[in-house]
Protein chains: 2
Amino acid sequence: MLTRIDHIGIACFDLDETVEFYRATYGFEVLHTEANEEQGLREAMLRINGASDGGASYVQLLESTRDDSVIGKWLAKNGEGVHHIAFGTEDVDGDAEAVRGKGVRVLYDEPRRGSMGSRITFLHPKDCHGVLTELVTAAPQATPGH
Amino acid sequence: MLTRIDHIGIACFDLDETVEFYRATYGFEVLHTEANEEQGLREAMLRINGASDGGASYVQLLESTRDDSVIGKWLAKNGEGVHHIAFGTEDVDGDAEAVRGKGVRVLYDEPRRGSMGSRITFLHPKDCHGVLTELVTAAPQATPGH
């Protein structure tokens, strides 16, 4: 069951500059950064608030580190903006299967590793009224206290 | 101070069909619907979770009721997808002024009425790394118990 808005994923041309925009404009601070060489991206997670399911809601800023990455191609086509939205669940495996059973295309055969040790999958935007939608289960240690 | 992700605003061609997609696929229920004749839109608010500031996080589905509305023109150009994101604050007036003072264009001179009796304003997407960003103060009665 999806129990929170986990994050809004925003693609940007320059991660450091965009992080600074969110800090200077709104006071949002970076909780975590990481790079994913395989996917050709760098990202920063800004924690905005705690959620009633014990998790939290984040803004995720995404920068491409090579032109042929998924984010790089998306930025070349669309410019900066909201790339995807993510809903949090305790059971990404079960929810992905349930959604697949309803005829929505799930992009990974099995959930993969996401930010901060989470497990994630994506749903095809054409099956979700134009919205690239991620399902995410936070790593156990990422939930308490947040 | 912005203290939560208040909602993700998603433009769709057919509100009833999109509401049904979110219900059937994820189990999200409609908390509230309203029409805004002046803005030429109908909308549904799906409450996803409570937030640690006492407010809540929603998916807002937006349908145009005439071709020349803001949402209608946006849909004609972009198709369905994420139209804007909104951060919640107790003081939209003060935060809008603070943001304006940092050189970000605020689209309304004064906050206006938004969904469920809220007060809202928007920040220019070109000043926000491509993201149309709303600031929202919930109506007093909309916050407790959610």
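Worth saying up front: this structure is predicted, and the values here are computed from it rather than measured.

Each value, and the rule that gives it
Residues numbered from 1 in each chain as written. Chains lettered and ligands numbered in written order. Predicted model: local features only at pLDDT ≥ 70, side-chain atom pairs only at ≥ 80, totals over all residues. Heavy atoms only, no water. Helix = DSSP H or I, 4+ residues; strand = E, 2+ residues; numbered from the N terminus. Rg over C-alpha atoms; globule rule 2.2 N^0.38 Å. Buried < 20%, exposed > 50% of the residue type's maximum accessible area, 1.4 Å probe, protein only. Contact = heavy atoms within 4.5 Å. Areas by Shrake-Rupley, 256 points an atom, 1.4 Å probe, with all protein chains shown as cover. Lys, Arg positive; Asp, Glu negative; His and termini not counted. Charge placed at Lys NZ, Arg CZ, Asp CG, Glu CD. Salt bridge = Lys/Arg side-chain N within 4 Å of Asp/Glu carboxyl O. 1 Å grid on protein atoms, 1.4 Å probe; cavity = no way out; pocket = protein on both sides within 12 Å on 5 of 7 lines; lining within 4 Å. Points joined across faces, edges and corners; volume = space filled by probe spheres on them. Pairing = 2+ DSSP bridges. Axes fitted to C-alpha atoms, helices over the stretch in contact; angles between N-to-C directions.

Draft legend 1. A look at the overall build of chain A. Secondary structure assignment for chain A yields three helices and eight strands. Helices (α) and strands (β) of chain A occur, in sequence order from the N terminus, as β-α-β-β-β-α-β-α-β-β-β. For 146 residues, the compact-globule formula gives about 15 Å, and the C-alpha radius of gyration of chain A, at 15 Å, lands near that figure. Projecting the C-alpha coordinates of chain A onto the three principal axes gives extents of approximately 40 × 35 × 25 Å. The burial tally for chain A puts 57% of its 146 residues in the buried class. Taking all contacts inside chain A whose residues are at least 6 apart in sequence as the whole, residues at least 24 apart take part in 55%. When the accessible surface of chain A is split by element, carbon and sulfur atoms take 49% of a total near 6,600 Å². Computing the positive centroid from 14 side-chain charges and the negative centroid from 24, chain A places the two 5 Å apart.

Draft legend 2. Representation of the pattern of salt bridges in the model. Residues and elements named next belong to chain B. Under the definition given, this model contains 20 salt bridges over all chains. A salt bridge links E20 to R23; the nearest nitrogen and oxygen atoms lie 2.7 Å apart. One end of the pair, E20, and the other, R23, are both in helix α1 (residues 15-26), three residues apart, so they sit about a helical turn from each other. Here E20 falls in the partly exposed class, since its relative accessible area comes to 38%.

Draft legend 3. Up close: the layout of surface pockets. Residue and element names in this part refer to chain B. Of the volumes computed, that of the second largest pocket is approximately 500 Å³. In terms of lining residues, the second largest pocket is bounded by 26 residues, among which Q39, L41, Y108, I120 and F122 are the most central. Of all the secondary-structure elements, those providing two or more residues to the lining of the second largest pocket are β2 (30-36), β3 (41-50), β4 (56-64), α2 (70-78), β5 (81-89), β6 (112-113) and β7 (119-123).

Draft legend 4. Main features of the sheet that holds β5(B). Residues and elements named next belong to chain B. In space, the eight strands of this open sheet follow the order β2-β3-β4-β1-β5-β8-β7-β6, with mixed pairing throughout. Looking at strand neighbours, the two that pair on one side only are β2 and β6, the edges of this open sheet. In the sheet, β2 pairs with β3 via six bridges, with the strands oriented antiparallel. Paired with E34 across the strands is E43, a residue of β3. α2 contacts β1 (2-12), β3, β4 and β5 of the sheet and is inclined by roughly 80 degrees relative to β4. Sitting on the sheet, helix α3 (residues 92-101) touches β1, β5, β7 and β8 (133-137), and the angle it makes with β7 is about 15 degrees.

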